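Secondary and tertiary structure notes
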Protein chains: 2
Amino acid sequence: MNIVLLSGGSGKRLWPLSNDIRSKQFIKIFKTEDGSYESMVQRVYRQIKKVDADATVTIATSKTQVSAIHNQLGEEVGISVEPCRRDTFPAIALATAYLTDVKGVDPEESVVVCPVDPYVEDDYFEALKALGEQADKGEANLVLMGIEPTYPSEKYGYIIPENADQTAFVSTFKEKPTQEVAVEYIRQGALWNGGMFAYKLRYLLDKAHELIDFTDYQDLFSKYDTLTKISFDYAVVEKEDKIQVMRFVGQWKDLGTWNTLTEAMEENSVGNAIQNETCENVHIVNELGVPVLAMGLHDVVISASPEGILVSDKEQSSYIKPFVDQIDQQIMFAEKSWGSFRVLDVEEESLTIKVTLNGGHSMNYHSHKNRDEVWVVISGTGKTIVDGMEQKVKAGDVVTMEAGCRHTILAETELKLIEVQLGKEISVHDKQKFPLE
Amino acid sequence: MNIVLLSGGSGKRLWPLSNDIRSKQFIKIFKTEDGSYESMVQRVYRQIKKVDADATVTIATSKTQVSAIHNQLGEEVGISVEPCRRDTFPAIALATAYLTDVKGVDPEESVVVCPVDPYVEDDYFEALKALGEQADKGEANLVLMGIEPTYPSEKYGYIIPENADQTAFVSTFKEKPTQEVAVEYIRQGALWNGGMFAYKLRYLLDKAHELIDFTDYQDLFSKYDTLTKISFDYAVVEKEDKIQVMRFVGQWKDLGTWNTLTEAMEENSVGNAIQNETCENVHIVNELGVPVLAMGLHDVVISASPEGILVSDKEQSSYIKPFVDQIDQQIMFAEKSWGSFRVLDVEEESLTIKVTLNGGHSMNYHSHKNRDEVWVVISGTGKTIVDGMEQKVKAGDVVTMEAGCRHTILAETELKLIEVQLGKEISVHDKQKFPLE
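Residues numbered from 1 in each chain as written. Chains lettered and ligands numbered in written order. Predicted model: local features only at pLDDT ≥ 70, side-chain atom pairs only at ≥ 80, totals over all residues. Heavy atoms only, no water.

Right, let's talk about the sheet that holds strand 29 (residues 415-422) of chain A for a bit. Sheet strands pair by backbone hydrogen bonding; their relative direction is either parallel or antiparallel. Residue and element names in this part refer to chain A. The antiparallel open sheet is built from six strands, whose spatial order is 20-21-22-29-24-27. Strands with a single pairing partner mark the edges of an open sheet, and in this sheet they are strand 20 (333-336) and strand 27 (398-401). On average, adjacent strands in this sheet sit at an angle of 20° to one another, irrespective of strand direction. For strand 22 (residues 350-357) and strand 29, the ladder comprises eight bridges, and the chain directions are antiparallel. (Pairing = 2+ DSSP bridges. Helix = DSSP H or I, 4+ residues; strand = E, 2+ residues; numbered from the N terminus. Axes fitted to C-alpha atoms, helices over the stretch in contact; angles between N-to-C directions.)

Put into structure tokens, the structure is as follows:
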């Protein structure tokens, strides 16, 4: 199976765990059999590989997520990087071109597209596999997955099939209805449209060339920022006549809010947390080293991260976005391709951070105009290069770097250091990169 | 007026703002007229000085609070340091001996004793002054303040006066009653016993010599740890016949729990906090730099400090103690005589802290057996002494200290530094102090 996972925007709905540079799909929140925690994207990837060990998985996403994806899934996974956000049709066109032109997949093969963050069981991926096999048959140009509704939801669009067969041609599509109208749709045999579908690569390449003037993947990539924003539903699905739907009955949850996310948590607390006996339906996700104590709360979610602390009634948590938009918090934690950093202390003319470099990785070779820096290595071994001078370093070693000097550190083992930045104008934008001499 | 303020134990009931080394009376939580915040002890001290500018204020407390008291009240305030905790009778005997033997107060003068943390208005201190003046008259050996009950509380002992006069002899004392019994006491004209009283120093010195074998303050201080724990009520009040009570009508609150403390807060939020419009009766005290967002909560207190995060129903918050007892959190923040420190990062073989030295202050000259240390000065100017070698330092300077070397830093201006401790056995107990050579 070829599968493209659409990995969406930054998502502030799960603040403080998600922020501008850390998306919800990377939060390690699901307990695995061995007691460790995995993220949504790790869970989905593991499930796909279990159902189809040979599956070719491609993640369509923005540049900001590339590091996190490689950190969590390794180097084998394919990534179709969108240079900027242009809605789902350009994203799917780009991923399709990536599969044929970069990965060399035969255009006669089919591909399954689905969001990166459904909370599902293995049977869902069995159904996706069947979706691809149905597309292979060529009876239709597009095969959608239709989910049997469990309640008259106002959150989803509806697909009305021509009949109640497992696989049927689509009669019509319906926009997100009111609850009353949803009841009527369901009476007519309507299914939820969750944005999962399959097609032969050739079909979508042709569609893309119809709508966009481009030659190949590289060309499409280079003019991506000039493309018009348009959704796949609008550009393709709603205009296609030869379209089938396969029904799926089983668990399918969209974990987009704290309310739905906590429903999927196996434990009431992740991290250092205590709930007293009078707490009911309380979920705590604590990424800080210090304890959270909850007493006498009902239907509340508490989440603490280096970015901030949320305490919300579960229902209310779906209205979080405007409040997070008004928080002007500097990024306090980030995963990078080479490891991670966390801000420890902020002063007017200094910033102290902790940097963790993964073994074998290094920072870019770079300099800063307006700040001096001091590194204190606290664990691991590696090598620093400062203005071309190499030096082996281990725990306890101190490196001082004046503004303007070029520097990097290469980790032999996992290496942790405390970096103190000193200057009047400390900014993440004050950074010039250089090739290593 | 001579006044002794009894400053009690560490107090975990206001965790995470109070802990083993930081008592609730030092939390800066009350907004003053100029927009800054003051602590309970600062508020009380300011109120006393307003009512009686010449008042001699002595705080009876343990060694652990001395630094915080001087930081918050300055050097002028007297401190009677209890070498260990021995309940209120030994503490009051020691403070009385301190006043006569150390401060040279005439034993014929009277003194007023009251807890350090009542939440009151100025009229309360006017009443305390009157209490001292009544003791001066010598009609009774002890003059208590009796507070007119506002409800039949089960939390206080009751004083039944002989009549309803402003000042009356005491008929009898009653232990904390049930609510039903309290109603009956109040019908009989009973007053709350809040532990405020006045006596002539001579009276209590005599009582102390009756019960304890000692010569003077120094002698009492040196044998303090051998004294039997006994309360002032049990040792003195309940056995005294010549005892009066003066009634007080006015605000008097004991801010011992989050529930009562938040009632006294003028604002719903202290620190970086957002409440959405569906929050009702929510109080947030946030000492962290990152924001707290509260949504859809009712009757909840949220408090975040470097020690941890509390989210509690206000009623439930009075049951906090056993939960805090089970938290084995290393001290993450402390005020010292020379400034303050905060733990920024904890690793297996390193600990990173931020140290703030007040201008003109210094650390002890000390060494560590099992750890190296690195200082990075981030603001201010001062002087380091490392194994006898002096060096001027300013922001950006780095000092490295191997295990065993003696070191200190003297702040010229306020000086902040990042200290990285490195070693296999990092412990606060690994510290040898030396006199400066």
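Anyway, onward from the coordinates.
Right, let's talk about the sheet that holds strand 15 (residues 273-275) of chain A for a bit. In spatial order, the strands read 15(A)-17(A)-19(B)-18(B)-16(B)-14(B); together these six strands make up an open sheet with mixed pairing. Since the sheet does not close on itself, it has two edges, and those belong to strand 15 of chain A together with strand 14 (269-270) of chain B, each with one partner. Alignment of strand 16 (residues 280-286) of chain B against strand 18 (residues 298-305) of chain B, held across six bridges, turns out to be parallel. The residue bridging Asn286(B) from the neighbouring strand is Ala304(B), located in strand 18 of chain B.

We now examine the pattern of salt bridges. Residues and elements named next belong to chain A. Scanning the entire structure with this criterion turns up 41 salt bridges over all chains. Residue Arg202 pairs with Glu108 through a salt bridge whose shortest N-O separation is 3.2 Å. With a gap of 94 residues between them, Arg202 in helix 6 (residues 201-211) and Glu108 in the loop between helix 3 (88-102) and strand 6 (110-115) connect regions that are remote in the sequence. Exposure remark for Arg202: the relative accessible area of 38% places this residue in the partly exposed category. (Salt bridge = Lys/Arg side-chain N within 4 Å of Asp/Glu carboxyl O. Buried < 20%, exposed > 50% of the residue type's maximum accessible area, 1.4 Å probe, protein only.)

A word on a negative patch on the surface. All names here are of chain A. A surface patch of like charges, here negative, comprises Asp106, Glu109, Glu133 and Asp136. Along the chain, the position of Glu109 falls in the loop between helix 3 and strand 6. What makes Glu109 partly exposed here is its relative accessible area of 37%. (Patch = residues over 30% accessible without salt bridge, like charges linked within 9 Å, V, L, I, M, F, W, Y side chains within 5 Å. Areas by Shrake-Rupley, 256 points an atom, 1.4 Å probe, with all protein chains shown as cover. Lys, Arg positive; Asp, Glu negative; His and termini not counted. Charge placed at Lys NZ, Arg CZ, Asp CG, Glu CD.)

This part is about the relation of the copies chain B and chain A. Mapping chain B onto chain A calls for a screw motion: a turn of 180° about the axis and a shift of 0.0 Å along it, with 0.1 Å RMSD after fitting. Such a combination of rotation and displacement between the chain copies is what one expects of a two-fold axis. Judged by C-alpha distance, Leu344(B) is the residue of chain B that lies nearest the rotation axis, at 2.9 Å. Taken together, the interface assignments show that 100% of the residues at the interface of chain B recur at the interface of chain A, consistent with an identical surface on both copies. (Least-squares fit on C-alpha atoms with pLDDT ≥ 70 in both. Contact = heavy atoms within 4.5 Å.)

In this section: the pairing of strand 29 of chain A. Residue and element names in this part refer to chain A. Buried residues dominate strand 29, accounting for eight of its eight residues. On strand 29, burial covers both faces: Leu415, Leu417, Glu419 and Gln421 on one face and Lys416, Ile418, Val420 and Leu422 on the other are all buried. Pairing between strand 24 (residues 372-379) and strand 29: seven bridges, direction antiparallel. The partner of Trp375 across the bridge, within strand 29, is Glu419.

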